[in-house]
Amino acid sequence: SDVRKCIYRYQQGASERHKAIASDIFAAQVLGGDVLFDKNKFYWACAILDGRSIWWEGERHIVPLLDLVNADGNGKVHETYLEALDSDPSQKVAVTRASRAVNPGEQVFENYAQPNYVLF
């Protein structure tokens, strides 16, 4: 595949997103004018959101530390779901359970059920 084309398409998409919200007063309040009006900072924010988000139940979620788990398309697909915390049932957390016992020190992989080019 031509990586340059992928990067160019991504940059075009980020530029279109920037144009779409650059004049939105609410976006300026949330992001801050220094981010919203600096394209490089905005593009960085897009890359962070797009690269570290997962989707379930039709919504985007940022899951801290998930990017530390390597992807492997050969294993069983695991479903991520919301589960209430025992300490506070009103709080929900993302849960993905292993399909087998994992030994201490063993590397853990996640099958995101998507082809590698999508994960790229």
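Residues numbered from 1 in each chain as written. Predicted model: local features only at pLDDT ≥ 70, side-chain atom pairs only at ≥ 80, totals over all residues. Heavy atoms only, no water.

(A) Inspection of helix α1 (residues 3–21) at higher detail. Counted at 1.5 Å a residue, the expected span for α1 with its 19 residues is 27 Å, and the 27 Å between its end C-alpha atoms agrees. Those residues of α1 lying buried are Ala-14, Ser-15 and His-18. One side of α1 carries all its buried residues, which in axial view fall inside an arc of 105°. Turned more than 90 degrees away from the buried face of α1 sit Lys-5, Arg-9, Glu-16, Lys-19 and Ala-20, all of them exposed. Tucked inside the fold, the buried residues of α1 contact α3 (33–36) and α4 (39–52). Residue Asp-2 occupies the N-cap position of α1, its side-chain oxygen lying 3.1 Å from the main-chain nitrogen of Arg-4. (Helix = DSSP H or I, 4+ residues; strand = E, 2+ residues; numbered from the N terminus. Expected span 1.5 Å × (residues − 1). Buried < 20%, exposed > 50% of the residue type's maximum accessible area, 1.4 Å probe, protein only. Arc of directions from axis to C-beta. Contact = heavy atoms within 4.5 Å. Polar contact = N/O pair within 3.5 Å; in protein donor to acceptor, adjacent residues only side chain to side chain.)

(B) Representation of the confidence of the model for the chain in the model. Summing up the model confidence of the chain, the mean pLDDT is 79 and the portion of residues at 70 or higher is 86%. Least confident of the elements in the chain is helix α5 (residues 116–119), whose mean pLDDT is 61; most confident is α1, at 88. (pLDDT = per-residue confidence, 0-100.)

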